[in-house]
Amino acid sequence: MANVLVFTESKDGKLKKVSREALSIGRKLAQAAGGDLVGFTNDRALANDFGKYGAKTVYVTSAGDYATESYASALAEAIKQSGAGVVLFGGTSNGRDLAPRVAARLGAGVASDVDQLEYADGKLRARRPVYSGKVFATVEVTGSPAIATTRPNAFPAEEVEGAVVNPQVTDIAADATSKAKVVETKTPEAGELSIAEADIIVSGGRGLKEAQNFSYIRDLAHAINGAVGASRATVDAGWIDHQHQVGQTGRVVSPNLYIAAGISGAIQHLAGMSSSKHIVAINKDPEAPIFRIADLGVVGDLFQILPALTEEVKKARAH
Amino acid sequence: MNTIVCIAQVPDTESRIKIGGDGRHIDETGLKFIVSPYDEFALEEAIRLKEKSGGDVTVVTFGPERAGQALRECLARGATKALHVKADNAADADSLGIAKVLAAAIKTVPHDVVFLGKQGVGTDNSLVGPMLAELLGYPQVNVVTHMEVGDGKLTAHREIEGAEEVIEASLPAVVTAQKGLNDPRYASLKGIMAAKKIPIDTKSIADVGLSDGDVFNQRVVITKLELPPEKSGGRKIDGSDPAAAAREILKYIKEEAKAL
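Residues numbered from 1 in each chain as written. Chains lettered and ligands numbered in written order. Predicted model: local features only at pLDDT ≥ 70, side-chain atom pairs only at ≥ 80, totals over all residues.

### Brief notes about the overall build of chain B
For chain B, the helix and strand inventory stands at 7 helices and 13 strands. Considered along the principal axes of its C-alpha atoms, chain B spans approximately 65 × 45 × 40 Å. Across the 260 residues of chain B, 50% fall into the buried class. Counted over contacts in chain B with a minimum sequence separation of 6, partners at least 24 positions apart contribute 70%. (Helix = DSSP H or I, 4+ residues; strand = E, 2+ residues; numbered from the N terminus. Buried ≥ 20, exposed ≤ 12 C-beta atoms within 10 Å, placed from the backbone. Contact = placed C-beta atoms within 7 Å.)

Printed below as a string of structure tokens:
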């Protein structure tokens, strides 16, 4: 029997989607392990939301804004108190910052960026992409707790059916002061979605010909409420910031819809996006490797097709 | 200002990866190995600190015999010392095992900042940096795109979802480098020649005070590697009529991806 504890984060007063995804798979693991689902948050106002995902207990820390060391202390304490045998983190910047810190403190193993999880025979078994998606590794995490960070969009966020029971709330004091603190947060382009968690990504490659033509990508991304992605070549050329880069040395992403325009499909790029659920590619070269993995390939001129598509999307959304 | 850069030697990112006969390791035959790309940003930042305020840049790796070549490359670019904890089965250690080796190895090396890449390219775990920080009791700043050091502290920019945080940390600290931190230099011929004269300090796991049990007590075990299923590719249509192509794409987005 093992309880499953999920570290969650919130944005604008709501549980982040990746946290809801982690809670949902966490509930399934808890069922398999014969234990309970347990939540961890810094926002008391959200405590009852955890009931929708089947959590019996929620630990609320007073640690305030995220800082690695104070959160590591609070979370380690919650893991101890809850007797959690499995701990999950949504694969966000903070989740990926905190999971290994806590793991080292507890002598625990971590499976990073997993897209499948199961609990059987007292072990946490996970599948994770390695070599930026060129290979899948199945790993077993032994010992207690077993830790995993979940890849955004890999697990569905599902609320429990039937009556929701409000969870019991337990306070966790934050005792350690952090030797590293956030002094400022800069949001460069307001409202821009991050490729890490986006459901839809519109990506541009060298076929855009020059930096300013990323406007074709941005216009469609904006219309369809997606994030802007980019190939390595465009990032290396300085056309767009690195945080948009998809692929090895960028982000490995799995959105519901990936639209690649002017991207030929170098092995590095394909590895980073081929697990997307639906792939549309627009390229003027009918032999471009991207067409081998595209569900819908369009051989044509992106400078004509993208604006037409942007208009169609706007019309569709207006209805 | 003394710095340490922990590096990993990894298969070239252009490699086609093949799975080995045991189904749990990759087939290294014919693979070209390089310094993990994120470690290059870490190394460059350390060399720039040395150029500004003196001190040593010690590169450290835990790996088999061939990893010595990666250390040589770092020396050629401007690192001043190198430490190789050698084990032929290093690939069988999990991230915590690696972090333990690094923590033990650098204990006797003076340092103010410990740099690593934000992840080792290939295994893509992104775990060793924060684990090392915890074992050393240091603060950590992860995924750093800009940094300055002064007055016993460092100020670093960290990439988060759609934004950037500015973080202040006391020294010593662990920093993991993201692409964009700097523009790594190539080794000069002079650097390559000079590097040949620098001895690599080679140690065993026992030399750094650890047992095999400490390092290879794997919490995370790879039981299987497999290639992703070949995607067959779907429909390919002619886009010479942009309006018709746009309508076709929209139909796909609405009906199959259900994204609108």
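Once the structure has been displayed, the description carries forward.
### Focus on the overall build of chain A
When helices and strands are counted, chain A shows 7 helices and 18 strands. Scaling as 2.2 N^0.38, a compact globule of 319 residues should have a C-alpha radius of gyration of about 20 Å, and chain A matches this with 21 Å. Residues classed as buried in chain A amount to 61% of the 319 residues present. Considering only contacts within chain A whose residues lie at least 6 apart along the sequence, 66% involve residues at least 24 apart. (Rg over C-alpha atoms; globule rule 2.2 N^0.38 Å.)

### A few points about the interface of chain A and chain B
Each partner contributes to the interface: chain A provides 78 residues, whereas chain B provides 73 residues. Listing elements by their share of the side of chain A that touches chain B, those giving two or more residues are helix 2 (68-82), helix 3 (93-106), strand 7 (109-114), strand 10 (135-141), strand 13 (180-186), strand 17 (278-283), strand 18 (296-299) and helix 7 (302-318) of chain A. Here the residues of the side of chain A that touches chain B are counted per class, giving 34 nonpolar, 25 polar and 19 charged. Across 4 bridges, strand 18 of chain A lies against strand 13 (residues 235-238) of chain B in parallel orientation. Counted as the bridge partner of L296 of chain A is R235 of chain B from strand 13 of chain B. (Nonpolar A, V, L, I, M, F, W, Y, C, P; charged D, E, K, R; others polar. Pairing = 2+ DSSP bridges.)

### Considering unusual backbone geometry
Cis geometry is found at the peptide bond from S144 of chain A to P145 of chain A, where omega equals 0 degrees. Take P145 of chain A: it is sitting in the loop between strand 10 and strand 11 (146-150). In this chain, L171 of chain B is followed by P172 of chain B through a cis amide linkage whose omega measures -5 degrees. Mapped onto the elements, P172 of chain B comes out in the loop between strand 9 (163-170) and strand 10 (173-177). Positive phi, normally seen in glycine, also occurs at D113 of chain A, with a value near 55 degrees. With respect to the secondary-structure elements, D113 of chain A resides in strand 7. At K258 of chain B, a residue that is not glycine, the phi angle is positive and equals roughly 50 degrees. Along the chain, K258 of chain B turns up in the segment after helix 7 (242-255). Of the residues examined, K258 of chain B has 11 C-beta atoms within 10 Å and is grouped as exposed.

### Examining the packing of helix 2 (residues 67-77) of chain B against helix 5 (residues 189-196) of chain B
Two numbers describe a pair of packed helices, the interaxial angle and the distance between the axes. Residue and element names in this part refer to chain B. Where helix 2 meets helix 5, the closest approach of the two axes is 7 Å, and the angle between their N-to-C directions is 125 degrees. Accordingly, the angle class assigned to the pair helix 2 and helix 5 is oblique. Helix 2 and helix 5 meet at a crossing whose hand is right-handed. Across the interface between the two elements, R72, L75, A76 and R77 of helix 2 pack against G191, I192 and A195 of helix 5. Residue composition of the contact of helix 2 with helix 5, by class: 4 nonpolar, 1 polar and 2 charged. (Axes fitted to C-alpha atoms, helices over the stretch in contact; angles between N-to-C directions. Parallel < 35°, antiparallel > 145°, perpendicular 65-115°, else oblique. Left-handed = near helix turned anticlockwise from the far one by under 90°.)

### Examining the sheet that holds strand 13 of chain A
Strand pairing in a sheet takes place through backbone hydrogen bonds and is either antiparallel or parallel in direction. The mixed open sheet is built from 10 strands, whose spatial order is 13(A)-9(B)-8(B)-7(B)-10(B)-6(B)-1(B)-4(B)-5(B)-11(B). The open sheet has two edge strands, strand 13 of chain A together with strand 11 (200-203) of chain B, and neither has a second partner. Adjacent strand axes in the sheet meet at a mean angle of 30 degrees when their direction is disregarded. Across 6 bridges, strand 13 of chain A lies against strand 9 of chain B in antiparallel orientation. Within strand 9 of chain B, the position partnered with K186 of chain A by the bridge is E164 of chain B. Running over the sheet, helix 4 (residues 128-136) of chain B touches strand 6 (113-117), strand 7 (140-150) and strand 10 of chain B and is turned about 60 degrees from strand 7 of chain B.

### Comments concerning the sheet that holds strand 15 (residues 227-230) of chain A
Pairing is parallel in the open sheet, where 6 strands are placed in the order 15(A)-14(A)-16(A)-17(A)-18(A)-13(B). Since the sheet does not close on itself, it has two edges, and those belong to strand 15 of chain A together with strand 13 of chain B, each with one partner. Taking each pair of neighbouring strands and ignoring which way they run, the sheet shows an average axis angle of 20 degrees. Pairing of strand 14 (residues 200-204) of chain A with strand 16 (residues 257-261) of chain A involves 5 bridges; the strand directions are parallel. Directly across from I200 of chain A, in strand 16 of chain A, lies its bridge partner L257 of chain A. In this fold helix 4 (residues 214-224) of chain A packs onto strand 14, strand 15 and strand 16 of chain A, with an angle of close to 170 degrees to the strand it touches most, strand 14 of chain A. Taken strand by strand, helix 7 of chain B contacts strand 16, strand 17 and strand 18 of chain A together with strand 13 of chain B, and its axis lies near 170 degrees from that of strand 18 of chain A.

### Section: helix 7 of chain B
Here helix 7 of chain B is 14 residues long and its end C-alpha atoms lie 20 Å apart, about the 20 Å a rise of 1.5 Å per residue gives. Elements that come into contact with the buried residues of helix 7 of chain B comprise strand 16, strand 17, strand 18 and helix 7 of chain A together with strand 13 of chain B. (Expected span 1.5 Å × (residues − 1).)

### Quick notes on the domain arrangement of chain A
Residues and elements named next belong to chain A. Domain annotation for chain A reports domain 1 (3-172) and domain 2 (200-318). For domain 1 and domain 2, the distance between their C-alpha centroids amounts to 32 Å. Counting residues at the interface gives 8 residues for domain 1, matched by 10 residues for domain 2. By residue class, the composition of the side of domain 1 that touches domain 2 is 2 nonpolar, 3 polar and 3 charged. (Domains from an automatic or database assignment.)

### Things to note about the pairing of strand 11 of chain A
All names here are of chain A. By the criterion of burial, strand 11 is predominantly enclosed, with 5 of the 5 residues buried. Of the two faces of strand 11, the one carrying A146, A148 and T150 and the one carrying I147 and T149 are both buried. Strand direction decides the pairing type here: strand 6 (residues 84-90) and strand 11, joined by 5 bridges, are parallel. In the sheet register, V87 faces strand 11, and the bridge partner there is I147. Bridge count between strand 7 and strand 11: 4 bridges; the pairing is parallel. Each bridged residue has a counterpart across the sheet, and for A111 the counterpart in strand 11 is A148.

### Some words on the packing of helix 3 (residues 95-106) of chain B against helix 4 of chain B
Residue and element names in this part refer to chain B. Direction vectors running N to C along helix 3 and helix 4 enclose 50 degrees, while the axes themselves pass 9 Å from each other. When the axis of helix 3 is compared with that of helix 4, the two are oblique. Relative to helix 4, the crossing made by helix 3 is right-handed. Contacts from S95, L96, I98, A99, K100, L102 and A103 in helix 3 reach V128, M131, L132, L135 and L136 in helix 4. Here the contact of helix 3 with helix 4 is built from residues that sort into 10 nonpolar, 1 polar and 1 charged.

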